[in-house]
Amino acid sequence: QVQLVESGGGLVQAGGSLRLSCAASGRTFSSYVMGWFRQAPGKEREFVAAIRWSGGRTYYGDSVKGRLTISRDNAKNTVYLQMNSLKPEDTAVYYCAAIKFDSGRYYTEDEYDYWGTGTQVTVSS
């Protein structure tokens, strides 16, 4: 079993930055794909970004390209989401997730096997 714990959320003004962290513990495999999703009130969960553990290739949702950056530290079993130039529409609960076996389908939440409980990000205008 893998446990995922997010941290780093909070309140920030528009144009500001935040860095989210997701620490993975338990049985962790080097082939895991790690991802970030977000869900705003009244909206469906949305793909934000994903990164493959080996090679570090990254993938992004269209609404965050150029502003958010996913990265990982394999030695610490931690994945990060650096968020710059934040907008009020980025306000959401951000979830960390993991895929056990790389299916190549990173954009769909059904592909992910493990989820964190989420961290709130609020961007004020």
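It should be noted that the structure appears before, not after, this text.
The rules behind these values
Residues numbered from 1 in each chain as written. Predicted model: local features only at pLDDT ≥ 70, side-chain atom pairs only at ≥ 80, totals over all residues. Heavy atoms only, no water. Helix = DSSP H or I, 4+ residues; strand = E, 2+ residues; numbered from the N terminus. Buried < 20%, exposed > 50% of the residue type's maximum accessible area, 1.4 Å probe, protein only. Lys, Arg positive; Asp, Glu negative; His and termini not counted. Salt bridge = Lys/Arg side-chain N within 4 Å of Asp/Glu carboxyl O. Polar contact = N/O pair within 3.5 Å; in protein donor to acceptor, adjacent residues only side chain to side chain. Contact = heavy atoms within 4.5 Å. Pairing = 2+ DSSP bridges. Axes fitted to C-alpha atoms, helices over the stretch in contact; angles between N-to-C directions. Phe/Tyr/Trp six-rings, centres within 6.5 Å; stacked < 30°, edge-to-face > 60°. Lys NZ or Arg CZ within 6 Å of the ring centre and 35° of its normal. Core = buried A, V, L, I, M, F, W, Y, C linked by side-chain atoms within 4.5 Å.

Caption draft 1: Structural view of the side chain of Glu6. Assignment of secondary structure puts Glu6 in strand β1 (residues 2–7). Buried charge without a partner: Glu6 forms no salt bridge, and the closest opposite charge is Arg45, 8.1 Å away. In terms of polar contacts, Glu6 uses its side chain to reach the backbone amide nitrogen of Cys96, at 2.8 Å. From its side chain, Glu6 meets the backbone nitrogen of Gly118 in a polar contact 2.9 Å long. Those residues in contact with Glu6, other than ones at most four positions away along the chain, are Ser21, Cys22, Trp36, Tyr94, Tyr95, Cys96, Gly116, Thr117, Gly118 and Thr119.

Caption draft 2: Up close: the side chain of Arg38. Within the secondary structure layout, Arg38 lies in strand β4 (residues 33–39). A relative accessible area of 6% means that Arg38 is categorised as buried. A polar atom in the side chain of Arg38 sits 2.9 Å from the side chain of Tyr94.

Caption draft 3: Representation of the sheet that holds β1. Strands sit in the order β1-β3-β8-β7 across an open sheet of 4 strands; the sheet is antiparallel. Unpaired on one side and paired on the other, β1 and β7 (68–73) mark the two borders of the sheet. With strand direction ignored, the average angle separating the axes of adjacent strands in the sheet is 20°.

Caption draft 4: Layout of the pairing of strand β9 (residues 92–99). Along β9, 7 of the 8 residues are buried, which leaves the element largely enclosed by surrounding structure. Two strands pair when backbone bridges link them, and β4 and β9 are joined in this way by 7 bridges, in the antiparallel orientation. Bridging across to β9, Val33 finds its partner in Ile99. For β9 and strand β11 (residues 119–124), the ladder comprises 3 bridges, and the chain directions are antiparallel. Opposite Ala92, over in β11, you have Val121 as the bridge partner.

Caption draft 5: Examining the packing of aromatic side chains more closely. Overall, the coordinates contain 9 aromatic pairs when judged by the stated rule. Measuring from ring centre to ring centre gives 4.6 Å for Tyr59 and Tyr106, while their planes differ by 50°; the resulting arrangement is tilted. Here the residue Tyr59 occupies a position in strand β6 (residues 58–60), and Tyr106 occupies one in the loop between β9 and β10 (114–115), the gap between them amounting to 47 residues. When the ring of Tyr112 is compared with that of Trp115, the centres are 5.9 Å apart and the planes differ by 55°; the resulting orientation is tilted. Members of the aromatic cluster, each reached through a chain of ring pairs, are Phe37, Phe47, Tyr59, Tyr95, Tyr106, Tyr107, Tyr112 and Trp115. The residue whose ring lies beneath Arg45 is Tyr95, and the NZ or CZ to ring-centre distance is 4.2 Å.

Caption draft 6: View of the nonpolar core. With 30 residues, the main nonpolar core has Leu4, Met34, Trp36, Leu81, Met83 and Tyr94 as its most contacted residues. Within the second largest apolar cluster, 9 residues are counted, among which are Phe47, Ala50, Tyr59 and Tyr112.

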